[in-house]
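# Understanding the architecture of this molecule
Take a look at the letters that make up each chain.
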Amino acid sequence: MEHPAAGIPLCLLLLLMTSTSSCFFSEASARINHGGGRQVLAPAAGQNSFPPVKLQIMDQYVVVGNGIVEVNLTNPGGSMTGIQYNGIDNLLEVVKSETDRGYWDVVWKGDGIIKKKGALDRLECKNLTVITEEEEQVELSFTRKWSSELQGKPVPLDIDKRFVMRRGSSGFYTYAIYEHSQQHPAFQLANTRLVLKPRKDKFHYMAISDKKQRPMPLPEDRVPPRGQPLAYPEAVLLVDPIEPQFKGEVDDKYEYSMESRDIKVHGWMGKDPSSSVGFWQITPSSEFRSAGPLKQFLSSHDGPTCLAVFHSTHYTGADLMVPFEAGEAWKKVYGPVFVYFNSLESEASSSSGTGMSLWDDAKNQLMVQAKQWPYRFLGSRDYPLPDQRGGITGRLSVHDPEISTRNLPPTGGWVGLAAPGDPGSWQLESKGYQFWTEVEEDGSFSISNVIAGQYNLYGWVPGFIGDYKYDAVINITPGRSIEVGDLVFEPPRNASTLWEIGVPDRTAGEFFIPDANPNYINKLYIHQEKKGDNGTYEGTTWQVKYSLDRTYQNVNYTLRIALATANGAELQVRVNDPSSAVPLFTTGSIGKDNTIARHGIHGVYRLFSVVVPGSLLVDGSNTVFLTQAINTGPFYGLMYDYIRLEGPLSPNPPRN
């Protein structure tokens, strides 16, 4: 009997797999209950032409495959040693050790850990449990329990790593449950992620967004004498790369960091987008990532490396270390991430006239996965199903009387649910889940599939300084959507604007220093210390010069300074007297964002309101002196988002 797919060009077969799989696992699917409301969705009658999922358990390995993809994992460690697809025996880097090809890991600090950056734990597990073994789906659980005899060795968490393969799917899912219980000691969580390392002889072209795609240098190019390490260890000048096109470039993994809200699909292809195989990570939701939608994470970078970072201190610093007290109860599900593979034969693709690229197909698969989120087929009871979640709706507007007497639409604004706290505290929140959305043009918003719990509603709006927070605590309950009605964000303001610099959008995009060395660093937006002739660094001062026709001596003015990021910096403010021993205002030492070294233009947003006595101002020319006073080294400094001087507080100030 002829196979149902016989005669279909390979380039179209994968697309059919992708499109039909969404039918398999949605309305057209039969449902097999496994207790607790969890379901494995089976293909409906006539749609089961794909081979069943098969599981093979051996002493040292576990192999799960569905006729399209086959994954080999260590038993019972749960590391990925091999991925077989499209006739390639292994998509993972075969020259690396078996436990260094695909894995989950954690960086942590605690008793007995002496390394400055913390200890690395690859989360090698001790037990294997088969959660589901059906023709339609296999789910595996690799677990490890912490005990007091292990003090100072593995991270003090109970670990449950899951892998799910489904019938007809061109990939697999992976997620993990971390638990800290009453028996566990105190520690700090610095970083956790999923790491996949594709083969360097197969994958050379990286894509992380529509605009950020390029061929990448080889890992050998970063090693002397081909590469010259620069002042920051991750940055390497390519002086003699294997492929001459990369000569003179600086390669640095942080050049490819992205904001959490934009990390949906990224990965690798062969030499170019028309190559035969694609290797992708797809993340339909960022609910489990730390620190909100603007937090920047690594994605794919040279190696080749393909990451799903769930928590890190990058672009934030030690303030984002997750502290756990001894005996503190906590549990969190990270993921799932869908690891997806596709294949398009260039000749067949050209003859079909579809113009479909591997990247386009990966983006289409993202839409397929997003429609299925939250998934119904996962076996862990710690992952809430759709009917165990709730939602919130409302409408946000902005009221700034300096701009309009009427409420304004929050163009480009974002609102989100995160753990209760102060305005803006979501930037440093990492133990719980966060749920965000961009508001519509009229200010309306709807956030669905929110995990039950207590939250505050936060927000911000480009063009306005400050953070919005809804006063009441929002209690999300399963199966219910809360309507909060019309909400008004009143950004900080005391009086009318006398002058302003920049656009309040939480980035340093409007500030530029033109003396950066073009041979080594990007054109960043930095107020940092200056290197002197003797090789040491010294603080620098920027001057804002302006003229006031009339000043009022007996009232206060307000200087608003919004910082996009800071790293080991101290901002001092003086008005009309640069030699004053005591500044009018100082931030003190702030920030460990390290954004300057990591090619960013924002980190943690900080807003300062400085009271300026009218007695310091004069009619005519005035100057505000902004001094970055700390002179530690080249990567210490700050970036401005927006600066504004507001007029007198009194609506009818007395004349001089």
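As named in an unreviewed UniProt entry, the chain is rhamnogalacturonan endolyase, taken from Linum tenue. According to its UniProt record, the chain has this under Catalytic activity (unreviewed entry): "Endotype eliminative cleavage of L-alpha-rhamnopyranosyl-(1->4)-alpha-D-galactopyranosyluronic acid bonds of rhamnogalacturonan I domains in ramified hairy regions of pectin leaving L-rhamnopyranose at the reducing end and 4-deoxy-4,5-unsaturated D-galactopyranosyluronic acid at the non-reducing end." Turning to the chain, the UniProt annotation filed under Subcellular location (unreviewed entry) states: "Secreted".

## Regarding the environment of Leu-128
Topologically, Leu-128 is positioned in strand 9 (residues 127–133). For Leu-128, a relative accessible area of 23% corresponds to the partly exposed category. For Leu-128 and Leu-140, which are twelve residues apart along the polypeptide, the C-alpha to C-alpha distance reads 7.2 Å. In contact with Leu-128, other than residues within four places in its own chain, are Ile-57, Val-62, Asn-75, Pro-76, Leu-140, Ser-141 and Phe-142.

## Quick notes on the packing of aromatic side chains
In total, this model carries 34 aromatic pairs according to the counting rule given. With centroids separated by 5.0 Å and ring planes inclined at 10 degrees, the aromatic side chains of Trp-104 and Phe-310 adopt a geometry described as stacked. Remark: Phe-310 occurs in strand 24 (residues 305–311) and Trp-104 occurs in strand 7 (residues 102–109); sequence separation between them is 206 residues. On the basis of an interplanar angle of 75 degrees and a centroid distance of 5.7 Å, the ring pair of Phe-203 and Phe-279 is categorised as edge-to-face. Placement of Phe-203 in the loop between strand 13 (187–196) and strand 14 (205–207) and of Phe-279 in strand 21 (residues 277–282) is noted, with a sequence separation of 76 residues between them. Under the relative-accessibility criterion, Phe-203 is labelled buried at 2%.

Calculation notes
- Residues numbered from 1 in each chain as written.
- Predicted model: local features only at pLDDT ≥ 70, side-chain atom pairs only at ≥ 80, totals over all residues.
- Heavy atoms only, no water.
- UniProt positions renumbered as here; feature names shortened; annotations may be inferred.
- Helix = DSSP H or I, 4+ residues; strand = E, 2+ residues; numbered from the N terminus.
- Buried < 20%, exposed > 50% of the residue type's maximum accessible area, 1.4 Å probe, protein only.
- Contact = heavy atoms within 4.5 Å.
- Phe/Tyr/Trp six-rings, centres within 6.5 Å; stacked < 30°, edge-to-face > 60°.

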